[in-house]
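A closer look at the structure
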Amino acid sequence: MDLREKIEKYVPYNEQEEKDKNTILKYMDAFEDTLTRNNEFGHFTASSWVVNKERTKVLMIYHNIYKSWAWTGGHADGDSNLLHVAIKEAEEETGLKNIKVLNNSKIISLDTLPVHGHVKRGKYVSAHIHLSVAYLFEADENDSIRIKPDENSKIGWQDIDKAVELSTEPHMKPVYSK
């Protein structure tokens with residue numbers, strides 16, 4: 001199943017996701033390249049909620065650019081298999097090696113997320129939209145984790161009930177509360 005078909009089949013959780021799903025599909029129709037950062041207006045990213053076996057904690061990173069606790073994730077960079085991208089990013093950003101895919105590999109959240117202009121690796125990046133597709137994973141909270149200094153400065157298993165309040169990004173609070 002291709003990316004468009006997965007998004008079309010996704011059943012939105014709420015009104016926000018219904019609107020964002022329609023916006024993402026329109027983006028895909030309007031722009032030739034939504035899988036790479038060459039599209040400076042908006043492009044796909046893949047994110048992940050990594051929970052422990054008991055489902056009481058979520059692994060979060062303290063994101064250097066956003067100055068906030070956040071889920072892991074990153075740009076598609078041309079890869080239309082966003083599940084693969086989410087796994088790769090979770091491993092790269094946390095050091096985890098044994099991530100189990102949950103929810104039958106289905107999308108758990110679909111969002112259009114604003115990104116403010118910022119400097120990354122010494123270059124200015126204009127404000128744009130992330131077409132975010134998120135997945136659910138499980139990992140052992142006793143497995144070794146580590147920060148990725150060029151992207152995050154802290155990492156830790158957080159009480160799942162505290163994830164929303166740990167974020168200092170107002171637009172992410174509704175996303176994390178889903």
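Here, every reference points to the structure presented above.
Now for a quick tour of the structure. Being a predicted model, the structure only gives us computed values, none of them experimental.

**A word on the layout of surface pockets**
- Reported here for the largest pocket is a volume of approximately 870 Å³.
- In this structure, the largest pocket is lined by 42 residues; those nearest its centre are Arg37, Tyr66, His75, Lys120 and His130.
- Contributing elements (two or more residues each) for the lining of the largest pocket: β1 (42-51), β2 (57-63), β4 (72-75), α3 (82-94), β6 (109-115), β7 (118-120), β8 (123-125) and β9 (128-138).
- Classifying every residue of the lining of the largest pocket by side-chain character gives 13 nonpolar, 15 polar and 14 charged.
- Of the volumes computed, that of the second largest pocket is approximately 270 Å³.
- Put simply, the parts of the chain that give the lining of the second largest pocket at least two residues each are β1, α4 (163-166) and α5 (173-177).
- With three residues, α5 is the largest single contributor of residues to the lining of the second largest pocket.

**Remarks on the nonpolar core**
- Counting residues in each nonpolar core, the largest one holds 29 residues, and the members touching the most others are Ile7, Phe44, Val50, Leu82 and Tyr135.
- Sorting the residues of this core by element identifies α1 (3-9), α2 (15-30), β1, β2, α3, β9 and β10 (152-159) as the ones contributing at least two each.
- Per-element tally for this core: the top contributor is α3, with five residues.
- The residues contacting Ile7, other than those within four sequence positions of it, are Lys21, Ile24, Leu25, Met28, Phe44, Ile107 and Leu110.

**Focus on the side chain of Ser167**
- In this structure, Ser167 sits in the loop between α4 and α5.
- When near neighbours in sequence (up to four residues on either side) are disregarded, Ser167 contacts Ser68, Trp69, Met172, Lys173 and Tyr176.

**What to know about the packing of aromatic side chains**
- Inspection of the entire model under this criterion finds six aromatic pairs.
- Note on Tyr62 and Trp69: the rings are 5.8 Å apart at their centroids and 75° apart in plane angle, and the pair reads as edge-to-face.
- Overall, Trp69 belongs to the buried group, its relative accessible area being 14%.
- Taken together through their ring pairs, the aromatic side chains of Tyr27, Phe31 and Phe41 make up a single cluster.
- Seen from the ring of Tyr62, Lys154 lies directly overhead, with NZ or CZ sitting 4.8 Å from the centre.

**Notes on the pattern of salt bridges**
- Applying the stated rule across the entire model yields 12 salt bridges.
- Glu8 is the partner of Arg4 in a salt bridge, and the nearest nitrogen-oxygen pair spans 3.0 Å. Placement of the pair is Arg4 and Glu8 together in helix α1, with a separation of four residues, close to one helical turn.
- Residue Asp150 is joined to Lys148 by a salt bridge in which the shortest nitrogen-to-oxygen separation is 3.2 Å.

**Concerning α2**
- Here α2 contains 16 residues, and its C-alpha end-to-end distance of 23 Å stays within 8% of the 22 Å for a straight helix at 1.5 Å per residue.
- The complete set of buried residues in α2 reads Glu17, Asp20, Lys21, Ile24, Leu25, Tyr27 and Met28. Viewed end-on, α2 has its buried residues packed into an arc of 155°, placing them on one side of the element. Away from its buried face, by an angle of more than 90 degrees, α2 presents the exposed residues Glu15, Lys19, Lys26, Asp29 and Ala30.
- Here the buried face of α2 lies against α1, β1, β6 and β9.
- Two or three places before Gln16, at the opening of α2, Asn14 has a side-chain oxygen 3.2 Å from that residue's backbone nitrogen.

**Considerations on the pairing of β1**
- Across the 10 residues that make up β1, a large majority, 10, are buried.
- In this sheet, β9 lies alongside β1 in parallel orientation, the contact comprising 10 bridges. Bridging across to β9, Gly42 finds its partner in Ile129.
- Two strands pair when backbone bridges link them, and β1 and β4 are joined in this way by four bridges, in the antiparallel orientation. The partner of Thr45 across the bridge, within β4, is His75.
- Pairing of β1 with β2, which is carried by two bridges, proceeds in the antiparallel orientation. Bridge pairing in β2 places Val50 opposite Leu59.
- Hairpin connection of β1 to β2: five residues between the antiparallel strands, including Arg55 at a positive phi of 65°.

Thresholds applied
Residues numbered from 1 in each chain as written. Predicted model: local features only at pLDDT ≥ 70, side-chain atom pairs only at ≥ 80, totals over all residues. Heavy atoms only, no water. 1 Å grid on protein atoms, 1.4 Å probe; cavity = no way out; pocket = protein on both sides within 12 Å on 5 of 7 lines; lining within 4 Å. Points joined across faces, edges and corners; volume = space filled by probe spheres on them. Helix = DSSP H or I, 4+ residues; strand = E, 2+ residues; numbered from the N terminus. Nonpolar A, V, L, I, M, F, W, Y, C, P; charged D, E, K, R; others polar. Core = buried A, V, L, I, M, F, W, Y, C linked by side-chain atoms within 4.5 Å. Buried < 20%, exposed > 50% of the residue type's maximum accessible area, 1.4 Å probe, protein only. Contact = heavy atoms within 4.5 Å. Phe/Tyr/Trp six-rings, centres within 6.5 Å; stacked < 30°, edge-to-face > 60°. Lys NZ or Arg CZ within 6 Å of the ring centre and 35° of its normal. Salt bridge = Lys/Arg side-chain N within 4 Å of Asp/Glu carboxyl O. Expected span 1.5 Å × (residues − 1). Arc of directions from axis to C-beta. Polar contact = N/O pair within 3.5 Å; in protein donor to acceptor, adjacent residues only side chain to side chain. Pairing = 2+ DSSP bridges.

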